[in-house]
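Structural features, examined
The residues making up each chain are set out below.
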Amino acid sequence: MTEMKLSYAKNSEVAGVADKNTTVWTKKDLLGLEYLSKEEIELILDDAESFKEVLARPLRKVPTLRGKTIVNLFYEPSTRTRISFELAAKRLSADVINIVKEGSSIQKGETLIDTGRNLEALKADIIVVRHNCSGAAMMLSRALNISVVNAGDGWHEHPTQALLDIFTLREKLKNIRGINVSIIGDIAHSRVARSNIWGLTKLGASVTVCAPKELIPSGIEKMKVKVTDSIDEAIKDADAINVLRMQFERDEAEAFPSKIEYFRTFGVTEERLKKAKKNIIVMHPGPINRGVEMAAEVADGANSVILEQVTNGIAIRMAVLYLVAHAKKGKLV
Ligand code: CP
């Protein structure tokens, strides 16, 4: 941590420009990693490093977003993402309001755009939205002048999850370029997989996706990933594995008749990890289905960084909220 970054973390008036990164953030929204450059991703990661230092202080709070109002608008269940965004906003001294489907006018049939426009009229500055429809965050961002942050839209993207995954990898391995990351599980339904693929490949990692054939989306190779349906193959040369929740509730293809069958064929077990690199990093975005995609001993084992991912999510979301709130007009330099 350099002197400049420390002073930035203490003083919100410096515009997110770290010494090793002269990128200026110009986007009012964060909709997906597909739409970010390598430099913009690195800017978020660098700023998150500064905010992680803030979170290590006895007083874990900075006045950066004092006077701003952030609304968490969640149409789908969430534990980690919603609480993490709320904590991030509070650590930045913003006012936070949480809206979930139950108990709001969404239940009376109000549209996403109408809800967004009303929140804008109520002078919200940033809406963090999770929605079951792919493209919901982008649609909202086009309808509003205020910032929109995508907290997961359908099967499309979950950018802050991928950012915290990549941040955790960068902490552990120092560099993303050249590392091998295998994403294992329900690729077809996974916004986490898509965001990780965009982010990791832009930063120079080699990505393998591993799933039953029915759960590999057609054309995934165009995203510059290797594809396998062998779990042993996916684990063999990996520096890290990111194991996805098997989304049985969305599995129309019924790729597997039972959870036991899935675990037998694709579950990450201690036995399977014996053939992996000794220091392989084991990640999972949560929530975990223990004994389905991953054995409990692996989730709680020495190679697991699952709870570190959760902790890092706060710093990442602080960086994202900070950057969209301070977006500069103009081109990247
Ligand atoms: N990883 C993740 O998105 O978890 P939640 O659904 O609990 O937010």
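Scroll up a little and you will see the structure.
Bear in mind that the values here come from a model prediction, so they are computed numbers and not experimental data. (Residues numbered from 1 in each chain as written. Predicted model: local features only at pLDDT ≥ 70, side-chain atom pairs only at ≥ 80, totals over all residues. Heavy atoms only, no water.)

**Let's talk about the environment of Ile-126**
Heads up, the condition is: Only DSSP runs of H or I with at least four residues qualify as helices, and only runs of E with at least two residues qualify as strands; both kinds are numbered from the N terminus onward. Type-normalised accessible area, obtained with a 1.4 Å probe on protein chains alone, sets the label of each residue: buried when under 20%, exposed when over 50%, and partly exposed for intermediate values. Whether two residues are in contact is decided by their heavy atoms: any pair within 4.5 Å suffices.
Locating Ile-126 in the fold gives a position in strand β3 (residues 126-131). Residue classification places Ile-126 among the buried positions, given a relative accessible area of 2%. In the structure, Ile-126 is positioned 130 residues away from Phe-256 in sequence and 40 Å away in space, judged by C-alpha atoms. Contact partners of Ile-126, with chain neighbours within four places excluded, come to Thr-69, Ile-70, Val-71, Ser-147, Val-149, Leu-321, Val-324 and Ala-325.

**Here's the deal with the sheet that holds strand β8 (residues 240-243)**
What counts here: Whether two strands pair depends on DSSP finding at least two bridges between them. The angle between two axes is taken between their N-to-C directions and runs from 0 to 180 degrees, where each axis is a line fitted to C-alpha atoms and a helix contributes only its stretch in contact.
Spatially, five strands are ordered β7-β6-β5-β8-β9 in an open sheet, and the strand pairing comes out parallel. Of all strands in the sheet, those with a lone pairing partner are β7 (226-228) and β9 (281-283), marking the two edges. Direction aside, the axes of adjacent strands within the sheet are offset by 20° on average. Where β8 lies against β9, three bridges are found, and the strand directions are parallel. Within the sheet, the bridge partner assigned to Ala-240 lies in β9 and is Ile-281.

**Remarks on the sheet that holds strand β2 (residues 95-100)**
The parallel open sheet is built from four strands, whose spatial order is β2-β1-β3-β4. At either margin of the open sheet sits one strand with a lone partner, and together these are β2 and β4 (147-153). For this sheet the average axis-to-axis angle between neighbouring strands, irrespective of direction, equals 15°. As judged from the five bridges shared by β3 and β4, these two strands associate in the parallel manner. Bridging from a neighbouring strand, Ile-126 pairs with Ser-147 of β4. Together, β1 (69-74), β2, β3 and β4 form the strand contacts of helix α3 (residues 80-91), whose direction differs from that of β1 by roughly 180°.

**Focus: the nonpolar core**
Basically, it comes down to this: Put simply, a nonpolar core is a bunch of buried Ala, Val, Leu, Ile, Met, Phe, Trp, Tyr and Cys residues held in one set by side-chain atoms that sit within 4.5 Å of each other.
With 89 residues, the main nonpolar core has Ile-241 and Leu-321 as its most contacted residues. Ranked by residue count, the leading element in this core is helix α12 (residues 306-325), at eleven residues. With near-sequence residues (within four places) excluded, Ile-241 lies in contact with Ser-182, Ile-184, Ile-235, Val-268, Leu-273, Ile-280, Ile-281, Val-282 and Met-283. If you look at the next biggest cluster of nonpolar residues, it comprises 17 residues, including Val-129, Ala-136, Ala-137 and Leu-140.

**Re the environment of Ser-104**
Its location among the elements puts Ser-104 in the loop between β2 and α4 (112-121). The buried category is assigned to Ser-104, whose relative accessible area is 16%. Put simply, Ser-104 and Asp-46 are 58 residues apart on the chain and 37 Å apart in space, counted from C-alpha to C-alpha.

**Some remarks on the side chain of Thr-69**
Mapping Thr-69 onto the fold places it in strand β1. Looking at Thr-69, the relative accessible area reads 17%, which means it is buried. What Thr-69 contacts, discounting residues up to four positions off in sequence, is Asp-95, Ile-97, Lys-123, Ala-124, Asp-125 and Ile-126.

**Comments concerning the site of the ligand**
As a reminder, the rule being used: Nearness is defined per residue: one heavy atom within 4 Å of the molecule or strand is enough. Each polar contact in these results corresponds to two N or O atoms within 3.5 Å; when the atoms are within protein, one needs to be able to donate a hydrogen and the other to accept it, and residues that are neighboring in sequence are counted only if both atoms are side-chain atoms. Note on areas: these come from Shrake-Rupley sampling with a 1.4 Å probe, and a residue is covered only by the protein chains present in the view. Three classes are used: nonpolar for Ala, Val, Leu, Ile, Met, Phe, Trp, Tyr, Cys and Pro, charged for Asp, Glu, Lys and Arg, and polar for all others, with Gly counted as polar.
In the vicinity of the ligand, the contacting residues are Ser-78, Thr-79, Arg-80, Thr-81, Arg-130, His-158, Gln-161, Pro-285 and Gly-286. With respect to the ligand, the side chain of Thr-81 contributes an N or O atom lying 2.6 Å from an oxygen atom. In the model, an oxygen atom of the ligand is placed 2.9 Å from a nitrogen or oxygen of the Arg-130 side chain. Against a free-state accessible area of 260 Å², the protein chains account for coverage of 92% of the ligand. Residue composition of the shell around the ligand, by class: one nonpolar, six polar and two charged.

**A closer look at the pattern of salt bridges**
Worth spelling out the cut-off: Here, a salt bridge means any side-chain nitrogen of Lys or Arg that lies within 4 Å of a carboxyl oxygen of Asp or Glu.
Counted according to the given criterion, the structure contains 17 salt bridges. In this structure, Arg-272 and Asp-232 form a salt bridge, with 3.8 Å as the shortest nitrogen-oxygen distance. You can see Arg-272 sitting in helix α10 (residues 270-273) and its partner Asp-232 sitting in helix α8 (residues 231-236), a full 40 residues away along the chain. Judged by relative accessible area, which is 17%, Arg-272 ranks as buried. Take Asp-232: its relative accessible area is 34%, and that puts it in the partly exposed class. For Arg-264, the salt bridge goes to Glu-261, with nearest N and O atoms at 3.1 Å. Residue Arg-264 and its partner Glu-261 are located together in helix α9 (residues 259-266), separated by three residues, close to a single helical turn. The exposure class of Glu-261 is partly exposed, given its relative accessible area of 28%.

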